[in-house]
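# Chains, contacts and geometry: an overview
Residues per chain, in single letters:
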Amino acid sequence: DVKVTQSSRYLVKRTGEKVFLECVQDMDHENMFWYRQDPGLGLRLIYFSYDVKMKEKGDIPEGYSVSREKKERFSLILESASTNQTSMYLCASSFPGQGADEQFFGPGTRLTVL
Amino acid sequence: LAKTTQPISMDSYEGQEVNITCSHNNIATNDYITWYQQFPSQGPRFIIQGYKTKVTNEVASLFIPADRKSSTLSLPRVSLSDTAVYYCLVAPRGMNTGFQKLVFGTGTRLLVSP
């Protein structure tokens with residue numbers, strides 16, 4: 001079974017802090033994604049990566065950056081956390097060649113910025 | 001990418017068939033339709049995918065009319081454990097395409113009662 005793990009289930013940070021959210025997948029997937037999920041807004045794509053050191057902006061990249069130094073790991077970085085970044089963050093991965101379908105999701109990290 | 005519209009919520013009883021419709025009027029020729037299921041405190045999970053006509057697997061059926069402007073997820077004989085949020089996603093397949101505007105929409109919250 002594909003397994004996508006995220007470093008924390010719950011995280012509380014203060015405004016202005018630098019925040020790292022880590023995601024690791026164990027199935028050698030090329031594609032990895034970061035989403036945020038908010039009530040009434042569904043899931044929105046922040047960034048994705050289709051290869052090591054490759055990254056592309058999604059729908060809402062402002063205030064975020066990413067890093068992919070190894071194939072299995074995709075990190076989301078909040079350079080200076082703000083209260084409007086309080087959200088559920090979901091990481092996903094997929095095989096190459098399948099485009100935007102059959103993504104495997106991690107359990108999510110609920111981030112609260114005070 | 002095609003924008004999708006789904007009902008916000010639906011109620012059902014155990015043993016009934018549930019049909020959830022997704023509208024996607026501006027679906028593109030190379031777009032596929034994918035449905036995901038999400039339980040509380042978990043990431044979404046792939047259920048079924050189709051391009052046209054009907055697709056069936058062990059969990060659900062997906063009906064897509066000839067014009068492909070809508071699709072219907074059918075869950076036969078639901079149980080309490082089918083209570084979840086269901087998302088419709090319309091996006092192209094293929095290498096590294098269509099990621100930029102991946103939007104799952106707000107989903108449909110299905111509540112199954114005894």
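One structure accompanies this document, and this report is about it.

Calculation criteria
Residues numbered from 1 in each chain as written. Chains lettered and ligands numbered in written order. Predicted model: local features only at pLDDT ≥ 70, side-chain atom pairs only at ≥ 80, totals over all residues. Heavy atoms only, no water. Helix = DSSP H or I, 4+ residues; strand = E, 2+ residues; numbered from the N terminus. Buried < 20%, exposed > 50% of the residue type's maximum accessible area, 1.4 Å probe, protein only. Contact = heavy atoms within 4.5 Å. Areas by Shrake-Rupley, 256 points an atom, 1.4 Å probe, with all protein chains shown as cover. Pairing = 2+ DSSP bridges. Axes fitted to C-alpha atoms, helices over the stretch in contact; angles between N-to-C directions. Lys, Arg positive; Asp, Glu negative; His and termini not counted. Salt bridge = Lys/Arg side-chain N within 4 Å of Asp/Glu carboxyl O. Polar contact = N/O pair within 3.5 Å; in protein donor to acceptor, adjacent residues only side chain to side chain.

## Things to note about the overall build of chain B
Counting its regular elements, chain B contains zero helices and 10 strands. Starting at the N terminus and walking to the C terminus, you meet the elements of chain B as β-β-β-β-β-β-β-β-β-β. Per-residue burial for chain B yields a buried fraction of 46% across its 114 residues. A fraction of 58% describes how many contacts in chain B between residues 6 or more apart in sequence connect residues 24 or more apart. Entry remark: accessible area of chain B is about 5,700 Å², with carbon and sulfur atoms responsible for 52%.

## Section: unusual backbone geometry
All names here are of chain B. The phi angle at Ser 41 is positive, at roughly 65°, despite the residue not being glycine. With respect to the secondary-structure elements, Ser 41 resides in the loop between strand S3 (31–38) and strand S4 (45–50). Since its relative accessible area comes to 47%, Ser 41 is described here as partly exposed. Notably, Thr 53 is not glycine yet its phi reads approximately 60°, a positive angle. When its relative accessible area of 52% is taken as the criterion, Thr 53 is described as exposed.

## Quick look at the sheet that holds strand S1 (residues 4–6) of chain A
Residues and elements named next belong to chain A. Taken together, four strands build an open sheet; the order of strands is S1-S3-S8-S7 and the sheet is antiparallel. Unpaired on one side and paired on the other, S1 and strand S7 (65–70) mark the two borders of the sheet. Strand-to-strand, the axes of this sheet are offset by a mean angle of 20°, without reference to chain direction. As paired elements, S7 and strand S8 (residues 73–78) share four bridges and run antiparallel to each other. The residue bridging Ser 65 from the neighbouring strand is Ile 77, located in S8.

## Quick notes on the side chain of B:Asp31
Residue and element names in this part refer to chain B. For Asp 31, the position within the fold is in strand S3. Notably, Asp 31 is buried but unbridged: the nearest opposite-charge side chain belongs to Arg 68, and the N-O separation is 5.9 Å. Engagement of the side chain of Asp 31 in a polar contact is seen with the backbone nitrogen of Ala 28, the distance being 2.9 Å.

Nothing here speaks to function; it is all geometry.
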